[in-house]
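# Structural description and commentary
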Amino acid sequence: MEETKLTSKQFLNELTAKHYDGALQAKAEGKPVAWAVSISPQELFETLDMHVVYPENHAAAIGARKEAMKFIDHAEGIGYSADICSYARINMAYTDIPHAEAQDIPLPDVVLCSANICTTVMKWWENLAKKLRVPLVFIDTPFNHTYEVPDHAVEYLRGQFESAIKQLEDFSGKRFDFDKLGEVMKLSNATCQWWKAATDLAQFTPSPLNGFDMFNYMAIMVCMRGNADGHKLFKLWYEELLAKKEAGLGPWSSAEEKYRIMWDGIACWPHLSTTFKTLKKYGINMVTSTYPESWNVRYETNDLTGMARAYTVNYANRNLDFGTDYLKKLVDQFNLDGVLYHSNRSCKLMDFRQYEVRRRVEAMTGIPTTMFDGDQTDPRSFSEAQYETRVQGLVEMMDKRKAAGR
Amino acid sequence: MFLGIDIGSSSSKVALMNDKKELVATAVVNKGTGTDGVHSALEQAFLKAGITKEDVQFSVVTGYGRVTYKDADKQITELTCHAKGVAYLIPGARTIVDIGGQDAKVIKLNEKGEMINFGMNEKCAAGTGRFLEVMARVLGCGLGDLSDLAQKSDKTVSISSVCTVFAESEVISQLATGETPANVARGAHVSVSKRVAGMCNRVGVEPTVVMTGGVALNADMVRCLSNELSSPVTAAPNCQAVGAIGASVAAYETFMARREQ
Ligand code: SF4
């Protein structure tokens, strides 16, 4: 069959188009469309066959297409401070200027907020609901201040899921089908397993995975991990990477992997190519980040409590000690030579802990690290010359360490 | 002869080293990347050393303008070059504070004088030489006069804005309400010191702390930083040329290592 010849990259592009076309089509046919936060319990939405679009994905696409400033200027003009997350600024502006060269999305009829990544999304989604006069389904997920996630937090989140189901039933006028939920859960877990297996292949040296691809594939993990297409994509991606690994191939055909680093934080979408090429020029492959695990949302099928746990254990929702240990583990597992921290002006949640995590991980592992200033979508916070100097400084330190045989 | 070139945002520096690893000449020209500053600096240094371009066996370029400069054999970051320069000039130094035109950096060295960590200013010009330039302009004095002026102060005016532009208007209004220029100058030094000290603390300060870059010529600034860090701070000799000196050390070392192979 023709289809089996598709590469995962082609399939990824197809699915992205299908995802957005589906939502636009639904809207055109008068069916309701939702907007949701990235790490949302999409299982609930899939079960109800809802059309869901993810503003963070969309804003990232706008950033990568270098058209963020049109939206950012508008948002700041209507009073959103430059200190607010640029995804939020872009998305709020999009509600007034609903057209982007990168991609159009339909405006929502309901907004779904899962607050397991930060507190910014709470206000952002509240503002969306208020401005667009649509219902808000709010899934409160308190931050885990203790190292382990306490049972009461899991129980609480399960309660939040139950009430969200009720609200979604009322909104859609459909009965929530728990048998179908079981199916979706099964598929979602399987997709996550392929995603994790694929990204874990980067543990081999050289890594068959070019880490920047992870940034791109991730968009589909956000929006399609609970359906057959998503499942197929990540299985295919895994198979391709496995074949590469078995052939002894590294991340790129035109250069060799000389250093293996972790990238902490979100991509710098408006400067994606600069940030990538500068690393590649020195033979640096970004082999991992905190993302492989953030979308490895795994639990026992038919266990709503387990699912609740899976949606509160993500890195962004965990305390400093956990974050530190987690990064330390990545340094060992992925045999890292260094860490590059993206001090992302947008994301207070990630930045606040970054200095201390960096200090501790350095002390625990001895590997060199550096930090650069940027922003996930606001192009103004990044300086190419500063980035280059920091990256080159990192290379010089990694060389020293290699020369000393560590 | 071994040549080190440091092309910064507002000045160009050159150093020449002979094959006994002795410093032969340095030159500093206050014109940075994108100007003919580097050529003037090269000419001056060659003249002082009594050599021509042909006598250079190996050259290393560093600094903000290193990426676009095509005539050197190798390019290295100013981080490593400052580390090498300081290790050459002041053996045993463990922390370097370099305040340049548009960035400030703190470099931590190991016992062998190798860079093991660094921090650089974030987001903006606060805590850099540019901040002091703006302050000098408001105070109506030259950058070189700030130190003498501040030493006449009888108190420190606090400058609360981190932003250089806001700090400028803050200082203007302080002068308007009768603060003396001397006290404001001291305030500017304390403000930069606080920013830089924050960066030092993130990297971890170990003595000896050495200050490099043109700002190290400002004795009052060196003293303010020492106060903030609660640690003695030494101004590097030939402080503006430290990066270029480090680059010449790197040129010497690279050449010797290649010859051994
Ligand atoms: S980038 Fe940070 S602040 Fe913005 S939505 Fe994501 S987690 Fe929240």
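Note: the structure precedes this text.
Read on for an overview of the structure. Please read all numbers here as calculations on a predicted model, not as lab measurements. (Residues numbered from 1 in each chain as written. Chains lettered and ligands numbered in written order. Predicted model: local features only at pLDDT ≥ 70, side-chain atom pairs only at ≥ 80, totals over all residues. Heavy atoms only, no water.)

The next point concerns empty space enclosed by the protein. Residue and element names in this part refer to chain A. Going through the model one piece at a time under the given rule, you end up with one cavity of 30 Å³ or more. Roughly 60 Å³ of volume is contained in the largest cavity. Here the lining of the largest cavity gets four residues from one element, more than from any other, and that element is helix 15 (residues 348-365). Residue composition of the lining of the largest cavity, by class: four nonpolar, three polar and two charged. (1 Å grid on protein atoms, 1.4 Å probe; cavity = no way out; pocket = protein on both sides within 12 Å on 5 of 7 lines; lining within 4 Å. Points joined across faces, edges and corners; volume = space filled by probe spheres on them. Helix = DSSP H or I, 4+ residues; strand = E, 2+ residues; numbered from the N terminus. Nonpolar A, V, L, I, M, F, W, Y, C, P; charged D, E, K, R; others polar.)

What follows is about the packing of aromatic side chains. Residue and element names in this part refer to chain A. Counted under the stated rule, the structure contains 24 aromatic pairs over all chains. Ring plane angle 80° and centroid distance 5.8 Å describe the contact between F215 and W263, whose orientation is recorded as edge-to-face. One end of the pair, F215, is in helix 9 (residues 211-224); the other, W263, is in strand 5 (residues 259-264), and 48 residues separate them in sequence. Overall, the relative accessible area of 0% leaves W263 in the buried class. (Phe/Tyr/Trp six-rings, centres within 6.5 Å; stacked < 30°, edge-to-face > 60°. Buried < 20%, exposed > 50% of the residue type's maximum accessible area, 1.4 Å probe, protein only.)

Once that is clear, we can look at the pattern of salt bridges. All names here are of chain A. This structure, assessed with the given rule, holds 39 salt bridges over all chains. Between D170 and K166 there is a salt bridge, with its nearest N and O atoms 3.4 Å apart. Pair noted here: D170 and K166 are both in helix 7 (residues 151-172), with a separation of four residues, about one helical turn. Here D170 falls in the exposed class, since its relative accessible area comes to 56%. Its relative accessible area of 47% is what places K166 among the partly exposed residues. Here E356 makes a salt bridge to R359, at a shortest N to O gap of 2.8 Å. Pair noted here: E356 and R359 are both in helix 15, with a separation of three residues, about one helical turn. Residue classification places E356 among the partly exposed positions, given a relative accessible area of 24%. A relative accessible area of 42% means that R359 is categorised as partly exposed. A single salt-bridge network, built from bridges that share partners, covers E76, R89, D378 and R380. (Salt bridge = Lys/Arg side-chain N within 4 Å of Asp/Glu carboxyl O.)

Residues and elements named next belong to chain B. Tracing the chain through its elements places K13 in strand 2 (residues 12-17). Despite its burial, K13 pairs with no opposite charge; the closest candidate is D6, at 4.1 Å N-O. Of the polar contacts made by the side chain of K13, one reaches the side chain of S11; its length is 2.8 Å. Apart from the residues lying within four places of it in its own chain, the contact partners of K13 are G4, I5, D6, G8, A27, V28, Q240, A241 and A244. (Lys, Arg positive; Asp, Glu negative; His and termini not counted. Polar contact = N/O pair within 3.5 Å; in protein donor to acceptor, adjacent residues only side chain to side chain. Contact = heavy atoms within 4.5 Å.)

With that settled, consider helix 1 (residues 8-28) of chain A. All names here are of chain A. With 21 residues, helix 1 extends 30 Å between its outermost C-alpha atoms, agreeing within 8% with the 30 Å of an ideal straight helix rising 1.5 Å per residue. For helix 1, the complete set of buried residues consists of S8, F11, L12, L15, H19, Y20, A23 and A26. On an axial view of helix 1, the arc spanned by its buried residues comes to 160°, and they lie on one face. Opposite the packed face of helix 1, turned more than 90 degrees from it, sit the exposed residues N13 and A28. For helix 1, the elements touching its buried residues are strand 1 (33-36), strand 2 (51-53), helix 3 (55-64), helix 9 and helix 10 (228-246). (Expected span 1.5 Å × (residues − 1). Arc of directions from axis to C-beta.)

All right, on to the packing of helix 8 (residues 178-200) of chain A against helix 9 of chain A then. All names here are of chain A. Look at helix 8 against helix 9: their axes get within 12 Å of each other, and the N-to-C directions meet at 175°. Here helix 9 runs roughly antiparallel to helix 8, going by the angle between their axes. Between helix 8, through T191, C192, W195 and T199, and helix 9, the contact on the second element is made entirely by M214, Y217, M218 and M221. Its residues placed into classes, the contact of helix 8 with helix 9 shows six nonpolar, two polar and no charged. (Axes fitted to C-alpha atoms, helices over the stretch in contact; angles between N-to-C directions. Parallel < 35°, antiparallel > 145°, perpendicular 65-115°, else oblique.)

On the side of chain A, 18 residues touch chain B, which itself brings 18 residues to the contact. Between chain B and chain A, a total of about 1700 Å² is buried, with carbon and sulfur atoms accounting for 49% of that surface. The interface formed by chain B and chain A contains zero salt bridges. At the surface where chain B touches chain A, the tally comes to seven residue pairs in polar contact (both at pLDDT 80 or more). Looking at the side of chain B that touches chain A residue by residue, the classes come out as seven nonpolar, five polar and six charged. (Buried area = accessible area lost by both parts, 1.4 Å probe.)

With that out of the way, let us pick up the layout of surface pockets. Residue and element names in this part refer to chain B. Space inside the second largest pocket adds up to approximately 690 Å³. Looking at the second largest pocket, it is lined by 31 residues, and the ones nearest its centre are S10, I99, G100, G101 and G214. Among the elements of the structure, helix 2 (78-89), strand 6 (95-99) and helix 3 (129-139) are those that each provide at least two residues to the lining of the second largest pocket. Residue contributions to the lining of the second largest pocket peak at three residues, all from helix 3. When grouped by side-chain class, the residues that make up the lining of the second largest pocket number seven nonpolar, 17 polar and seven charged. Both domains that furnish three or more residues to the lining of the second largest pocket are identified here as domain 1 (2-85 + 241-260) and domain 2 (92-236). (Domains from an automatic or database assignment.)

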